[in-house]
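Residue-level listing of the chains:
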Amino acid sequence: MEQLKEAGYIKGEILKMLFHNQEDHFSIGLIRIIETNEEIEEKKIAVKGHFPYLDEKEIYHFEGSLTEHPKFGAQYDVVTFQRVIPTGKEGVIQYLSSHLFHGIGKKLAKRIVDQLGESAVQSILNDPDALDQVKGLTQEKKDRLVKDLQEHQGFEYVAVNLNKYGFGLQMSQRLYEVYGTDTVKIIEGNPYHPIFEVEGYGFQRADQLAKQLNLSMDHPSRVQAGCMYSLYELSQEGHVFSKVDPLLSKVHNLLFPSTYPVEKKLISQEINSLIKLHKLVLEDDRIYLHSLYHAEKGFANHIARLSKIKIEETVPTAEIMKMIGKIEEKEGFSYSNEQFEAIQGALSSSLFILTGGPGTGKTTVIKGILNAYASYHRLSLNPHDYKGKDPFPFVLTAPTGRAAKRITESTGVPAMTIHRLLGWKGGESFEKNQQEPLEGKLLIVDEFSMVDIWLANQLFRAIPKDMQVIIVGDQDQLPSVGPGQVLTDLLQEESIPVIELQEVYRQAEGSKIIELAHLMKKGSCSISHLDKDRDFSFINCQEYQAIGVIEKVVQKAIEKGVSIKDLQVLAPMYRSDVGINQINEALQNLINPQSSEKREWKGSQRVLRVGDKVLQLVNQPEKGVFNGDIGTVVTIQMADENEEQKECMIVDFDGKEVSYERKDANQLTLSYCCSIHKAQGSEFQIVLVPVFHSYRRMLRKKLLYTAVTRAKSSLILLGDKEAFLYGVKREEEYQRFSTLRERLQFSFASHVIEDEEDVSPYDFMGNDE
C-alpha cells in the first residue's frame with residue numbers, strides 16, 4: 001500500500017515583513033529556515049499568503065508548497081500556519097514574559113505556569129477564567145493578557161482548525177473578525193450560522209462544511225437555513241413576503257438535487273419550527289421574515305395614526321395667499337395653481353404627499369411650504385436662532401447624504417440622512433423611536449421612493465403626534481434597493497392627501513433633458529426625440545469604441561474647466577466590456593494616472609491613489625459618512641507620519657475629512673463611473689450614460705429614467721439608440737410582493753392602532769434557539 005506523503009512544511013523565524021495588505025490580508029514575509037521537509041537549500045525564503053502581520057523574531061510553522069517566481073526565485077505559498085510556542089516550563093515562562101505580553105514579567109509568568117502548568121496558554125485561550133486561579137493578578141492584567149493571547153494565538157488556532165475543513169486563510173480571517181476565538185465552536189455547532197453575517201460565506205460553502213461534519217441533507221439546521229436564505233434572497237430582490245408554494249419550491253431547489261427524494265412536507269415542518277421560534281410569520285398563504293412582517297404592519301399603523309390627527313391650527317386660505325404673495329414678491333416668480341394647492345394641502349394636513357417628475361417645481365413648493373409655515377407661526381428658518389432655546393422646528397431628511405445636501409442647498413435649511421436623524425450608531429438599533437421621539441414641528445422627507453419598508457417604519461415610529469409630515473418623491477424613479485415599494489403603495493391609499501405636480505417649468509425654459517424624461521415617463525419616446533440639443537446629445541458608437549468615446553468626452557470637458565466632481569458617468573452593470581469597473585479603470589488612468597509623486601494603495605480588487613474620486617459603499621455613522629457619499633482622496637500617510645502610528649488614507653467628503661485604515665479600504669471604490677442605483681438621490685451638472693444591448697437584462701424604463709434625471713445641465717447618452725428605446729419601452733418584469741396597501745386599508749378602517757413589536761432586520765440572523 002502506498003504511503004501518504006507527509007505535508008510539506010517550513011519552520012522558521014520571521015526576519016522581516018516585506019508586505020502586508022490589511023484589505024485582503026495578503027502578506028509576504030522573509031524567514032530564516034530552522035527546519036523543513038521541503039527540498040530547499042536556501043537558508044532564507046519568502047513566505048506568502050493570506051495571513052496577518054506576523055511578529056518579527058518569532059518562530060512559526062508554515063504548511064504549503066514551494067513555488068518559483070520568475071523574478072524573485074523560490075517562494076513558499078502558505079496554506080496554513082501557527083506560531084511555535086516554546087515547550088517545557090521554562091519555555092512557556094519565557095514566552096509569556098516576552099515583549100508580546102504587556103505587563104507580564106518573569107515572576108508573574110512563573111506564577112501563571114506554576115498554577116496552570118505547561119499548557120497554560122491553551123488553558124487561558126479555552127477558558128479565560130482559568131486566570132482566576134492565579135493569585136496577585138489584577139483584573140486589568142488578566143484582561144490584557146487574555147486580549148494579547150487571543151491576538152497572538154487566537155487567529156492561528158482558528159486558521160489551523162479551519163484548514164482541516166478546507167478553509168483558506170482569507171476566509172478564516174473573515175470568520176475570525178466576526179466571531180473571534182469562538183469561530184471554530186460556532187461553525188462546528190451550526191455551519192449555516194455565518195451565511196448572513198460573513199461576507200463571501202455562502203450557502204454552498206456552508207453545505208461543504210456540513211458534509212464534512214456529517215450533517216445529513218435533511219438536517220433541521222440545513223433546512224431551516226435554506227428557508228431563511230431563500231426568503232432573504234427574495235427580500236434582496238425587493239419582496240416583503242413569498243407565497244407558500246413558490247417558497248417551498250425555491251427551498252427545495254436550493255437544498256435537494258433531483259436525485260435526492262425529499263418531500264416538501266419536511267420543508268413545511270421546518271418552516272413551522274421557524275414560525276414557533278418567531279423567525280418567520282405565516283399569514284394566509286404568505287410567509288414573511290419576522291422583521292419585515294412587523295415593519296410593514298407597524299408602518300401602516302403609524303401612517304394611519306398620523307393621518308387621523310387633526311391640525312389644531314389650520315392656516316386660513318386668505319393667510320396662505322397673503323404669505324405666498326410676499327414670497328413671490330421676494331423671490332421674483334409666481335406660483336402656479338397646482339403649486340399653491342400643494343402648499344395649502346401641506347399646511348392643512350398632518351400627513352401629506354407631494355409627488356411629480358423632474359422640472360415640475362417640487363423644490364419650489366418645499367421652499368414655499370417652509371416659508372409659509374415659518375411666517376404664519378412666526379418662526380425663524382435659521383437654526384442659530386434656537387441655540388439654548390426650543391428645538392429647531394424644521395426637520396428635513398433624505399435617504400442619502402447627497403440627497404440631503406441637495407435639499408439643504410435648494411432650501412437653505414439644514415438636512416441630514418434618515419440614519420443620522422434617527423441616531424443610528426451601527427448595528428441594529430436607533431436612538432430615536434416611540435419612547436424617544438424626534439423633536440420639531442414640521443418633517444419633510446425627500447426622495448422617498450428610495451426608502452424601503454424597514455427604514456420607513458423606523459422613521460415613522462419615531463414621529464410624535466404633534467409633528468406635521470410631508471413626503472416628497474417621484475414614483476417613476478427606481479424603487480428602493482431594499483424590500484417594498486413604499487411610495488407607490490402610499491399613493492394608492494385614497495385617505496392620504498396627495499398633490500402630483502404635472503406642469504413642467506424647466507421644459508418651458510428649453511430643457512431637452514426634462515422633455516426627454518417626461519416622454520419616457522409617458523412611454524412616447526421615439527428615435528426622433530434623440531436629436532442633439534443645447535443640453536443633450538446622443539453619440540452613436542459600437543461597444544468596442546465606448547470607453548474611447550467616454551475618455552474623449554471627459555478629456556474635452558476637463559480642458560474646458562469642468563471639475564470632475566460635476567461630471568459623472570453612470571452605467572447599469574459592473575462587469576462587462578463597458579461596465580463600471582472597466583470605465584473606472586480607464587478614467588483613473590486618464591484623469592489621475594500613476595505617478596512617482598502620488599502615493600497609492602494597492603488592493604486585490606483596485607488601486608486607490610491621492611486625487612482619486614471615490615464612493616463610500618457602506619454606512620459608517622461613527623465616521624459621519626454613508627453609502628453613496630462621494631469624496632476625494634487627499635492624502636495617504638505612512639505609519640510614522642501620524643500619532644496613531646498606522647498607515648491611513650484621508651478622504652474629503654465635501655469638506656469633511658474622514659480617515660481610513662488599510663482594513664477599511666474595501667469601504668471605498670472608484671467613482672468616476674458609478675451605478676445608476678448609487679446615483680439615485682444625486683444630481684450632477686454633466687452626466688454620461690452608455691447604453692448597449694449587452695446591458696439588455698438590466699435595461700428598464702425606471703432605470704433609464706433615473707439615469708436621465710440625474711443630469712442638471714447636460715446629458716450625453718452614447719451607444720445604440722435602439723438599445724435605449726428598447727429599455728424605455730420595457731417595464732419591470734415582475735411585481736414586488738408587498739401587502740402594504742392592504743394593511744393601510746385595514747389601519748385606516750380600524751379605530752385601534754396596535755402596539756408595534758420592536759424587531760430589527762437582523763433578528764433572523766441570531767443564534768438558533
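Residues numbered from 1 in each chain as written. Predicted model: local features only at pLDDT ≥ 70, side-chain atom pairs only at ≥ 80, totals over all residues. Heavy atoms only, no water.

A.B. asks: Explain unusual backbone geometry to me, please; I cannot follow it from the model alone.
C.D. replies: Most of the time, phi is negative for any residue but glycine, and the peptide bond is trans. Here Glu-447, not a glycine, exhibits a phi torsion of approximately 55°, which is positive. With respect to the helices and strands, the residue Glu-447 is situated in the loop between strand S12 (442–445) and helix H17 (453–460). A relative accessible area of 7% places Glu-447 in the buried class. (Helix = DSSP H or I, 4+ residues; strand = E, 2+ residues; numbered from the N terminus. Buried < 20%, exposed > 50% of the residue type's maximum accessible area, 1.4 Å probe, protein only.)

A.B. asks: Any chance you could explain the state of the cysteines here in plain terms?
C.D. replies: Within the structure shown, the criterion is met by 0 disulfides. Cys-673 provides the cysteine sulfur closest to Cys-674, a residue in no disulfide bond, and the two sulfurs are 6.5 Å apart. (Disulfide = S-S within 2.5 Å.)

A.B. asks: Looking at this structure, how should I read the pairing of strand S10 (residues 394–398)?
C.D. replies: On a regular strand, each side chain points to the face opposite its neighbour's, so the side chains alternate between the two faces of the sheet. Within S10, 5 of the 5 residues are buried, which leaves the element mostly enclosed by the surrounding structure. Side-chain alternation along S10 places Phe-394, Leu-396 and Ala-398 on one buried face and Val-395 and Thr-397 on a second face that is also buried. By the bridge criterion, 4 bridges tie S10 to S12 in an arrangement that is parallel. In the strand pairing of S12, Leu-396 is matched with Ile-444. (Pairing = 2+ DSSP bridges.)

A.B. asks: Any chance you could explain the sheet that holds strand S7 (residues 280–283) here in plain terms?
C.D. replies: The pairing of strands in a sheet happens through backbone hydrogen bonds and is either parallel or antiparallel. With antiparallel pairing, the 3 strands of this open sheet are ordered in space as S6-S8-S7. One side of each edge strand has no neighbouring strand; the edge strands of this open sheet are strand S6 (241–243) and S7. On average, adjacent strands in this sheet sit at an angle of 25° to one another, irrespective of strand direction. Alignment of S6 against strand S8 (residues 286–289), held across 3 bridges, turns out to be antiparallel. When the sheet's bridge partners are listed, Phe-241 is paired in S8 with Tyr-288. Across the sheet, helix H9 (residues 244–255) lies against S6, S7 and S8, angled at about 95° from S6, the strand it touches most. In the packing of helix H11 (residues 290–307) onto the sheet, the strands contacted are S7 and S8, and the crossing angle to S8 comes to about 100°. (Axes fitted to C-alpha atoms, helices over the stretch in contact; angles between N-to-C directions. Contact = heavy atoms within 4.5 Å.)

A.B. asks: So what exactly am I meant to see when it comes to the pairing of strand S1 (residues 9–21) here?
C.D. replies: Direction of pairing for S1 relative to strand S4 (residues 59–69): antiparallel, over a ladder of 5 bridges. Opposite Lys-11, over in S4, you have His-61 as the bridge partner.

A.B. asks: Please explain the nonpolar core as it appears in this structure.
C.D. replies: Across soluble globular proteins, you tend to see nonpolar side chains buried next to one another. By size, the foremost hydrophobic cluster in this structure holds 99 residues, and its most contacted members are Phe-62, Phe-299, Phe-448, Phe-460 and Leu-490. Counting residues per element, this core draws most heavily on H11, which supplies 8 residues. Those residues within four positions of Phe-460 in sequence are excluded, and the remaining contacts are Phe-299, His-302, Ile-303, Arg-305, Leu-306, Leu-351, Phe-448, Val-469 and Ile-471. Ala-586, Val-625, Leu-668 and Tyr-672 belong to the second largest nonpolar core, which has 72 residues in total. (Core = buried A, V, L, I, M, F, W, Y, C linked by side-chain atoms within 4.5 Å.)

A.B. asks: Looking at this model, I keep getting lost on the side chain of Lys-721. Mind explaining?
C.D. replies: In this fold, Lys-721 is placed in helix H24 (residues 721–728). Of the side chains with opposite charge, Asp-531 lies nearest to the buried Lys-721, which makes no salt bridge, at 4.9 Å. If we ignore the near neighbours within four places in the chain, the residues touching Lys-721 are Ile-527, Leu-530, Phe-538 and Asn-540. (Lys, Arg positive; Asp, Glu negative; His and termini not counted. Salt bridge = Lys/Arg side-chain N within 4 Å of Asp/Glu carboxyl O.)

A.B. asks: What should I look at first to understand the sheet that holds strand S2 (residues 26–36) in this one?
C.D. replies: Around the barrel, which closes on itself, the 5 strands sit in the order S1-S2-S3-S5-S4 with mixed pairing between neighbours. Going from strand to strand, the sheet's axes swing by 45° on average, the running direction of each strand aside.

A.B. asks: In this structure, what is going on with the side chain of Thr-397? I would like to understand it.
C.D. replies: Tracing the backbone shows Thr-397 in strand S10. For Thr-397, a relative accessible area of 0% translates into the label buried. A polar atom in the side chain of Thr-397 sits 3.2 Å from the backbone nitrogen of Ile-418. Residues in contact with Thr-397, not counting those within four places in the same chain, are Ala-415, Met-416, Thr-417, Ile-418, Leu-421, Leu-443, Ile-444, Val-445 and Asp-446. (Polar contact = N/O pair within 3.5 Å; in protein donor to acceptor, adjacent residues only side chain to side chain.)

A.B. asks: I would appreciate a short explanation of the environment of Val-633 in the present structure.
C.D. replies: Locating Val-633 in the fold gives a position in strand S20 (residues 630–637). With a relative accessible area of 2%, Val-633 lands in the buried category. Note: C-alpha distance between Val-633 and Gly-401 (232 residues apart in sequence) is 18 Å. In contact with Val-633, not counting residues within four places along its chain, are Arg-609, Val-610, Gly-611, Asp-612, Val-614, Met-649, Ile-650 and Val-651.

A.B. asks: How do you make sense of the environment of Ser-675 when you look at a structure like this?
C.D. replies: Locating Ser-675 in the fold gives a position in strand S24 (residues 673–675). Counting along the chain gives 79 residues from Ser-675 to Ser-596, while the straight-line C-alpha distance between them is 31 Å. Residue contacts for Ser-675: discarding those within four places in its chain leaves Leu-570, Ala-571, Tyr-574 and Ile-580. A polar contact is formed between the side chain of Ser-675 and the backbone nitrogen of Lys-678, at a distance of 3.0 Å.

A.B. asks: It is not clear to me how the pattern of salt bridges should be interpreted in this structure. Could you clarify?
C.D. replies: If charged atoms from side chains of opposite charge come close, those side chains can pair. Applying the stated criterion to the full structure yields 22 salt bridges. A salt bridge links Glu-233 to Lys-250; the shortest N-O distance between them is 3.6 Å. Here the residue Glu-233 occupies a position in helix H8 (residues 220–236), and Lys-250 occupies one in helix H9, the gap between them amounting to 17 residues. By relative accessible area, Glu-233 is classed as partly exposed at 29%. We classify Lys-250 as partly exposed; its relative accessible area is 27%. Because the salt bridges share partners, they merge into one network encompassing Glu-283, Asp-284, Arg-286, Glu-296 and Arg-743.

A.B. asks: Would you take a moment to explain the packing of aromatic side chains for this structure?
C.D. replies: Under the counting rule described, the total for this entry stands at 17 aromatic pairs. Ring geometry for Tyr-386 versus Phe-392: centroids 5.4 Å apart, planes at 75°, classification edge-to-face. The two residues Tyr-386 and Phe-392 agree in class, both being buried. Ring geometry for Phe-448 versus Phe-460: centroids 6.3 Å apart, planes at 75°, classification edge-to-face. Residue Phe-448 is located in the loop between S12 and H17, and its partner Phe-460 is located in helix H17; the two are separated by 12 residues in the primary sequence. Lying over the aromatic face of Phe-241, Arg-286 brings its terminal NZ or CZ to 5.7 Å of the ring centre. The cationic tip of Arg-696 hangs over the ring face of Tyr-726; the distance from NZ or CZ to the ring centre is 4.3 Å. (Phe/Tyr/Trp six-rings, centres within 6.5 Å; stacked < 30°, edge-to-face > 60°. Lys NZ or Arg CZ within 6 Å of the ring centre and 35° of its normal.)

A.B. asks: How should I be thinking about the packing of helix H23 (residues 701–708) against H24 in this particular structure?
C.D. replies: Between H23 and H24, the shortest axis-to-axis distance is 7 Å and the interhelical angle comes to 115°. Taken together, the axes of H23 and H24 are roughly perpendicular relative to one another. Residue-level inspection shows Lys-701, Leu-704 and Val-708 of H23 in contact with H24, the latter providing Phe-724, Gly-727 and Val-728. (Parallel < 35°, antiparallel > 145°, perpendicular 65-115°, else oblique.)

A.B. asks: Whenever I open this one, the packing of helix H13 (residues 337–347) against helix H14 (residues 362–376) confuses me. Can you help?
C.D. replies: Axes are the key here: two packed helices are described by the angle between their axes and the distance separating the axes. For the pair H13 and H14, interaxial distance at closest approach is 9 Å and the crossing angle is 45°. Classed by the angle they form, the pair H13 and H14 counts as oblique. As H13 packs across H14, the resulting crossing turns out to be right-handed. Between H13 and H14, the contacting residues are Gln-339, Ala-342, Ile-343, Ala-346 and Leu-347 on the first element and Thr-364, Val-365, Gly-368, Ile-369, Ala-372 and Tyr-373 on the second. Across the contact of H13 with H14, the residue classes tally to 8 nonpolar, 3 polar and no charged. (Left-handed = near helix turned anticlockwise from the far one by under 90°. Nonpolar A, V, L, I, M, F, W, Y, C, P; charged D, E, K, R; others polar.)

Nothing here speaks to function; it is all geometry.
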